[in-house]
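Notes for the structure review
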Amino acid sequence: MCGRYYVDDGTAKEIEKLVWQVDEKAGRKALARKIEIEAKDIHPTELAPILAASGSVLECRWQLWGFPGFQKGRVIFNARCESAMEKPMFREAVLHRRAVIPAAGFYEWNQGKQKYTFCRESGDAMFMAGCYRKYEDGDRFVILTTQANASMEQVHDRMPLILERDEAVCWLLEDDASEELLRKAPPLLERRTEFEQLSIFQL
C-alpha cells in the first residue's frame, strides 16, 4: 500500500543522475537538465514527477497520480504486482508504459492509525515501480505494490515495489525484464515514527 509519499530537492538530484547515467551509457552527450522539485507530500490525484522512457531516452514528466476509479470521484492509485499482468486496466500499461516514481520516502499507518515514515537507510532517494495510461485529461500513473518485507510487515502487509538504480533503468527500457522485476523482493527500509522520535528527544 502506498497512499502518500514525499519528495524534496534530493529527489530532483537523483532524477538528474539517473537521466545522465542512461545518456552516458548510450554514448550520448549528457545534457544539463535542471529539475526543480518543491519539497512536499504527494497525495493521490495530485501532479507528481515521474520518469518514463521515450525510445532509449529517459524523461522526467509530471503526471496525475491515480487512474479514474469505477465510482465517481474515486481513484485507483496502487496496483498489485502479483495480478497487474492479468488485469486489463494495468496489463497494457505494464507492458508498454512503465514508469519510475522517485521519492524521498513514503508514509503508512497501522491499524491503530499511528503514522510511520519509511525511507532508504542510506538516505538516498527510492525508485518506486509504476505504470501509466493516457486519459482525456492527460497521462496518469499508479504505483505497483508487493508483499511487505520484514521492515514493513508490522505496520502493513503491502509496500511499494522499490527498485535499485540499475533495476529502475531496466524497468523503463527493457521489456524483457519487467515480469522478473515484478517478482523481486524490495530492500529493507528504515522505519520512523513521531512517537519514537519524541521519546528519543526526551531521553
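Summarised in this report is the structure supplied together with it. The model shown is predicted, which means the values in this text are computed figures rather than measured ones.

1. Overview of the sheet that holds strand S2 (residues 40-42)
On the basis of which strands lie adjacent, the open sheet formed by five strands has the order S2-S1-S9-S10-S15 and antiparallel pairing. Since the sheet does not close on itself, it has two edges, and those belong to S2 and strand S15 (190-193), each with one partner. Within the sheet, the average angular offset between the axes of one strand and its neighbour, ignoring direction, is 30°. Here four bridges tie strand S9 (residues 105-109) to strand S10 (residues 115-119), and the two strands are oriented antiparallel to one another. Bridge assignment links Tyr-107 to a residue of S10, and that residue is Thr-117.

2. Comments concerning the packing of aromatic side chains
One pass over the full model with this rule turns up eight aromatic pairs. Ring centres of Tyr-107 and Trp-109 lie 6.4 Å apart, and the angle between their planes is 50°; this geometry places the pair in the tilted category. For Tyr-107, a relative accessible area of 9% puts it in the buried group. Within the aromatic cluster, the residues linked to one another by ring pairs are Tyr-5, Trp-65, Phe-77 and Phe-141. A cation sits over an aromatic face here: Arg-98 above Trp-171, 5.7 Å from the ring centre.

Thresholds applied
Residues numbered from 1 in each chain as written. Predicted model: local features only at pLDDT ≥ 70, side-chain atom pairs only at ≥ 80, totals over all residues. Heavy atoms only, no water. Pairing = 2+ DSSP bridges. Helix = DSSP H or I, 4+ residues; strand = E, 2+ residues; numbered from the N terminus. Axes fitted to C-alpha atoms, helices over the stretch in contact; angles between N-to-C directions. Phe/Tyr/Trp six-rings, centres within 6.5 Å; stacked < 30°, edge-to-face > 60°. Buried < 20%, exposed > 50% of the residue type's maximum accessible area, 1.4 Å probe, protein only. Lys NZ or Arg CZ within 6 Å of the ring centre and 35° of its normal.

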